[in-house]
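# Working through the structure, step by step
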2 protein chains.
Amino acid sequence: MESRVKPGLDGTQGTRNQVKEDGVGTPRTVRICDAVLRLVALAATLIAAAVIGTARQTKTVNIQVSPTLPPLPLTVAAKTAYSSAFVYFLIANVIACVYSAISLATSTVKRDSKSNIGLSLSIIDIAMVALLFSGNGAALTFGLLGKHGNSHVQWQKVCNVFGKFCLDVAVSSMVSLLGSVAYVLLVLLALVSLHKRSP
Amino acid sequence: MESRVKPGLDGTQGTRNQVKEDGVGTPRTVRICDAVLRLVALAATLIAAAVIGTARQTKTVNIQVSPTLPPLPLTVAAKTAYSSAFVYFLIANVIACVYSAISLATSTVKRDSKSNIGLSLSIIDIAMVALLFSGNGAALTFGLLGKHGNSHVQWQKVCNVFGKFCLDVAVSSMVSLLGSVAYVLLVLLALVSLHKRSP
């Protein structure tokens, strides 16, 4: 435990805070919050990537070719690879998942000197916010089009046929959103922590 | 001009930096970069919102109802309100534009005491990153579907009919992306600046 003196703006000594530190200037509570958020992000992006990556539905629908003929059975399939939006969403979550694991391992390792690791992690965290939110926007747009269609451009809804696949997309998007929020909170945590420590 | 001493980790005096400051501890160059980036974000989101908000195209296409009848002329229209993705993108850019103007005015006002304005702005900046990137993901997904269609779900491309509208969407998305990157850089600037100032 270390005593830290926070100087006032006029150069005089300000409030004296007792802050539990780990020897590198970052309070222990901040590091614990950081690790928990990275764990949440890791779990969320892993689940999101696994769900969208394995989402697949095959269904047999009856097509009426002519009023005089009986309906013809037709097998149709829905899978992630059929939409570039879902592929982008999957890649974004895989990247975020791998980075979450690496950053979790890096952030929990005790640093023995004032290093730029924390800053580097925060910089990549912001990139993850951008990557994940753009992926979520893409996946949700395609998913909502599948659910409701768009009558103005004659795009019919398909979730009435591929209900299970659409549910997988919805679950994956919601879980990924949780991971995205975790990354927003990680950047906020770094900002607030640095702001409190700055003179 | 003020002389600032950066202490070493062992308590000894480290490098002595001459940093131009404005009296509140933020180097002048950082504040100039901050203002320029907010100006870029303001201009980009304003242009993006204006372009997508006014995008509209009406066209007359000939529809062949029957092989024995002459083609019937049909007037079709494309506008932003026809897609929830474009509406979301427009709202995101309007919010970011209004906030850019407010934050630019706030950040250029000289602060006479150590305040949390800088931190508050950075927190909202992260929210803007999330908002703008999700909006970009949504608009680009709908735009690319309009350009290429999706044969797996029988969604036909429409940009061959609404070329001007699609061009407006592309321009708006690219300009908005510039604004989004400006917000990423603003958060990075705050992080690096705070990191440099922290003991």
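Residues numbered from 1 in each chain as written. Chains lettered and ligands numbered in written order. Predicted model: local features only at pLDDT ≥ 70, side-chain atom pairs only at ≥ 80, totals over all residues. Heavy atoms only, no water.

### Notes on the packing of aromatic side chains
Taken as a whole, this structure holds nine aromatic pairs over all chains when the rule is applied. Ring centres 5.7 Å apart and planes at 20° place the aromatic pair tryptophan 155 of chain A and tryptophan 155 of chain B in the stacked group. On the criterion of chain membership, the pair formed by tryptophan 155 of chain A in the loop between helix H3 (117-148) and helix H4 (163-197) and tryptophan 155 of chain B in the loop between helix H3 (117-148) and helix H4 (163-197) is interchain, its members lying in two chains. Side by side, tryptophan 155 of chain A and tryptophan 155 of chain B carry an identical accessibility label, which is buried. Pairwise contacts between aromatic rings join Phe86, Phe142, Trp155 and Phe165 of chain A together with Phe86, Phe142, Trp155 and Phe165 of chain B into one cluster. (Phe/Tyr/Trp six-rings, centres within 6.5 Å; stacked < 30°, edge-to-face > 60°. Helix = DSSP H or I, 4+ residues; strand = E, 2+ residues; numbered from the N terminus. Buried < 20%, exposed > 50% of the residue type's maximum accessible area, 1.4 Å probe, protein only.)

### What to know about the interface of chain B and chain A
Counting residues at the interface gives 39 residues for chain B, matched by 39 residues for chain A. Between chain B and chain A, roughly 3,900 Å² of surface is buried when both sides are summed, and carbon and sulfur atoms account for 77% of that area. Linking chain B to chain A there are zero salt bridges. Here chain B and chain A share four residue pairs in polar contact (both at pLDDT 80 or more) between them. At the level of secondary structure, the elements contributing two or more residues to the side of chain B that touches chain A comprise H3 and H4 of chain B. (Contact = heavy atoms within 4.5 Å. Buried area = accessible area lost by both parts, 1.4 Å probe. Salt bridge = Lys/Arg side-chain N within 4 Å of Asp/Glu carboxyl O. Polar contact = N/O pair within 3.5 Å; in protein donor to acceptor, adjacent residues only side chain to side chain.)

### A few points about the relation of the copies chain B and chain A
You can overlay chain B on chain A at an RMSD of 0.0 Å; the transform is a turn of 180° with a shift of 0.0 Å along its axis. The operation mapping one copy onto its partner corresponds to a two-fold rotation axis. (Least-squares fit on C-alpha atoms with pLDDT ≥ 70 in both.)

### Observations regarding the packing of H4 of chain A against H4 of chain B
At a minimum axis distance of 9 Å, the contact between H4 of chain A and H4 of chain B shows a crossing angle of 35°. H4 of chain A and H4 of chain B meet at a crossing whose hand is left-handed. For the pair H4 of chain A and H4 of chain B, contact is made by Val187, Ala190, Leu191, Leu194 and His195 of chain A and by Val187, Ala190, Leu191, Leu194 and His195 of chain B, respectively. Looking at side-chain class alone, the contact of H4 of chain A with H4 of chain B contains eight nonpolar, two polar and no charged residues. (Axes fitted to C-alpha atoms, helices over the stretch in contact; angles between N-to-C directions. Left-handed = near helix turned anticlockwise from the far one by under 90°. Nonpolar A, V, L, I, M, F, W, Y, C, P; charged D, E, K, R; others polar.)

### Concerning the side chain of serine 176 of chain B
All names here are of chain B. Tracing the backbone shows serine 176 in helix H4. Polar side-chain contacts of serine 176 include one of 3.0 Å to the side chain of asparagine 93. Those residues in contact with serine 176 that lie beyond four places of it in its chain are Ala48, Phe89, Asn93, Leu132 and Asn136.

### What about helix H2 (residues 84-108) of chain B?
A turn of α-helix holds 3.6 residues, and therefore any two residues three or four places apart point the same way. Helix length check: H2 of chain B (25 residues) gives 36 Å between terminal C-alpha atoms against 36 Å at 1.5 Å per residue, within 8%. All of the buried residues in H2 of chain B are Ala85, Phe86, Phe89, Ala92, Asn93, Ala96, Cys97, Tyr99, Ser100, Ser103, Leu104 and Ser107 of chain B. Where H2 of chain B is buried, its residues meet H3 of chain A together with helix H1 (28-54), H3 and H4 of chain B. Residue serine 83 of chain B occupies the N-cap position of H2 of chain B, its side-chain oxygen lying 3.2 Å from the main-chain nitrogen of alanine 85 of chain B. (Expected span 1.5 Å × (residues − 1).)

### Some points on the nonpolar core
With 50 residues, the main nonpolar core has Leu191 of chain A together with Leu191 of chain B as its most contacted residues. Elements that contribute at least two residues to this core include exactly helix H1 (28-54), helix H2 (84-108), H3 and H4 of chain A together with H1, H2, H3 and H4 of chain B. Beyond its immediate stretch of four places on either side in the chain, leucine 191 of chain A contacts Leu119, Ser122, Ile126, Val187, Ala190, Leu191 and Leu194 of chain B. Counting residues in hydrophobic clusters, the runner-up holds 32 residues, among them Ala55 and Phe162 of chain A together with Leu145 and Trp155 of chain B. (Core = buried A, V, L, I, M, F, W, Y, C linked by side-chain atoms within 4.5 Å.)

### Regarding unusual backbone geometry
At glutamine 154 of chain A, a position not held by glycine, the phi torsion is positive, near 60°. Examined against the element boundaries, glutamine 154 of chain A turns out to sit in the loop between H3 and H4.

### Overview of the UniProt feature "transmembrane region" (unreviewed entry) in chain A
Residues and elements named next belong to chain A. According to UniProt, the "transmembrane region" (unreviewed entry) feature falls on residues 35-55, 85-105, 117-145 and 174-194. Span residues 35-55 is 95% helix and 0% strand, its end C-alpha atoms 30 Å apart. With 100% helix and 0% strand, residues 85-105 has end C-alpha atoms that lie 30 Å from one another. (UniProt positions renumbered as here; feature names shortened; annotations may be inferred.)

### Regarding the confidence of the model for chain A
All names here are of chain A. For chain A, mean pLDDT is 85; residues scoring 70 or higher make up 84% of the total. Segment residues 1-19 is flagged for pLDDT under 50; beyond a separation of four residues in sequence, or across chains, it makes 29 contacts in the model. Per the prediction output, this complex has pTM 0.84; the corresponding ipTM is 0.84. (pLDDT = per-residue confidence, 0-100.)

### What about the packing of H1 of chain A against H2 of chain A?
All names here are of chain A. At a minimum axis distance of 8 Å, the contact between H1 and H2 shows a crossing angle of 150°. When the interaxial angle is binned, H1 and H2 end up roughly antiparallel. Where H1 crosses over H2, the handedness of that crossing is left-handed. (Parallel < 35°, antiparallel > 145°, perpendicular 65-115°, else oblique.)

### Focus on the pattern of salt bridges
All names here are of chain A. Inspection of every chain in the model, using the stated rule, returns six salt bridges over all chains. Arginine 38 is the partner of aspartate 34 in a salt bridge, and the nearest nitrogen-oxygen pair spans 2.8 Å. Residue aspartate 34 and its partner arginine 38 are both found in helix H1; the two are separated by four residues, about one turn of the helix. For the pair shown, aspartate 34 and arginine 38 are each scored as buried. As a salt-bridge pair, arginine 38 and aspartate 125 come within 2.9 Å of each other at their nearest N and O atoms. Of this pair, arginine 38 sits in helix H1 while aspartate 125 sits in helix H3, and the two are 87 residues apart along the sequence. For the pair shown, arginine 38 and aspartate 125 are each scored as buried. Residues joined in a network through salt bridges with shared partners are Asp34, Arg38 and Asp125.

### Observations regarding the state of the cysteines
Residues and elements named next belong to chain A. All chains considered together, the criterion is met by two disulfides over all chains. Two residues, cysteine 159 and cysteine 166, share a disulfide whose sulfurs are 1.9 Å apart. The disulfide joining cysteine 159 to cysteine 166 has a torsion of about -85° about its S-S bond and is therefore left-handed. Relative accessible area serves as the criterion here: at 15%, cysteine 159 is assigned to the buried category. (Disulfide = S-S within 2.5 Å.)

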